[in-house]
Amino acid sequence: MLFSELKSGQVAEIKAIKAGELHARRLYEMGFLPHTRISLEHVATLGSPVIAGIRGFCIVLGKKDADSIEVEVISE
């Protein structure tokens, strides 16, 4: 499942980053690493941007970034 497919408030674990090397490196540097818990805090009306809760921070991601994060749902 992709991070962008989560419902608001769901918690998931990052499984992989499906992106090119530079794009993936940028996400890794922001803390989006495999086996890290992530939550979908809010989705804008048109679907982009989304707000991710990760490691105690809220990070705003565009749709392209959210679509490149593969996750497994932990809680509804």
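In the block above lies the structure referred to throughout.
A.B. asks: Help me out: how do you make sense of the pairing of strand E1 (residues 11-17) in this one?
C.D. replies: Two faces make up the sheet, and in a regular strand the side chains alternate between them. Where E1 lies against strand E2 (residues 37-43), three bridges are found, and the strand directions are antiparallel. Bridged to valine 11 within E2 is serine 39. Examined bridge by bridge, E1 and strand E5 (residues 69-75) share six bridges and lie antiparallel to one another. In the sheet register, valine 11 faces E5, and the bridge partner there is serine 75.

A.B. asks: Explain the pattern of salt bridges to me, please; I cannot follow it from the model alone.
C.D. replies: For side chains of opposite charge, pairing can occur when their charged atoms come near one another. Under the criterion given, the structure shown has six salt bridges. A salt bridge links glutamate 21 to arginine 25; the nearest nitrogen and oxygen atoms lie 3.3 Å apart. Remark: arginine 25 and glutamate 21 occur in helix H1 (residues 21-29); sequence separation between them is four residues, near one turn of the helix. Classification of glutamate 21 as exposed rests on a relative accessible area of 61%. Note on arginine 25: relative accessible area 42%, which makes it partly exposed. Measuring nitrogen to oxygen at the nearest pair gives 2.7 Å for the salt bridge that ties arginine 26 to aspartate 65. With arginine 26 in helix H1 and aspartate 65 in helix H2 (residues 63-67), this pair connects stretches of sequence that are 39 residues apart.

A.B. asks: When you look at the nonpolar core in this model, what are you seeing that I'm missing?
C.D. replies: One recurring pattern in soluble globular proteins: nonpolar side chains tend to sit buried together. Grouped together as the largest cluster of nonpolar side chains are 18 residues, with contacts concentrated most on Phe3, Ile14, Phe32, Ile38, Leu61, Ile69 and Val71. Contributing elements (two or more residues each) for this core: E1, H1, E2, strand E3 (50-54), strand E4 (57-61) and E5. When residues no more than four places from it in sequence are discounted, the contact partners of phenylalanine 32 are Ile14, Ile17, Leu27, Ile38, Ala52, Ile54, Ile59, Leu61 and Ile69.

A.B. asks: How do you make sense of the sheet that holds E5 when you look at a structure like this?
C.D. replies: Pairing in this open sheet of five strands is antiparallel, and the strands run E4-E3-E2-E1-E5 from one edge to the other. With one partner strand each, in any of the chains shown, E4 and E5 form the two edges of the open sheet. Each neighbouring strand pair of the sheet contributes to a mean axis angle of 40°, computed without reference to strand direction. As paired elements, E2 and E3 share five bridges and run antiparallel to each other.

Cut-offs and rules
Residues numbered from 1 in each chain as written. Predicted model: local features only at pLDDT ≥ 70, side-chain atom pairs only at ≥ 80, totals over all residues. Heavy atoms only, no water. Pairing = 2+ DSSP bridges. Helix = DSSP H or I, 4+ residues; strand = E, 2+ residues; numbered from the N terminus. Salt bridge = Lys/Arg side-chain N within 4 Å of Asp/Glu carboxyl O. Buried < 20%, exposed > 50% of the residue type's maximum accessible area, 1.4 Å probe, protein only. Core = buried A, V, L, I, M, F, W, Y, C linked by side-chain atoms within 4.5 Å. Contact = heavy atoms within 4.5 Å. Axes fitted to C-alpha atoms, helices over the stretch in contact; angles between N-to-C directions.

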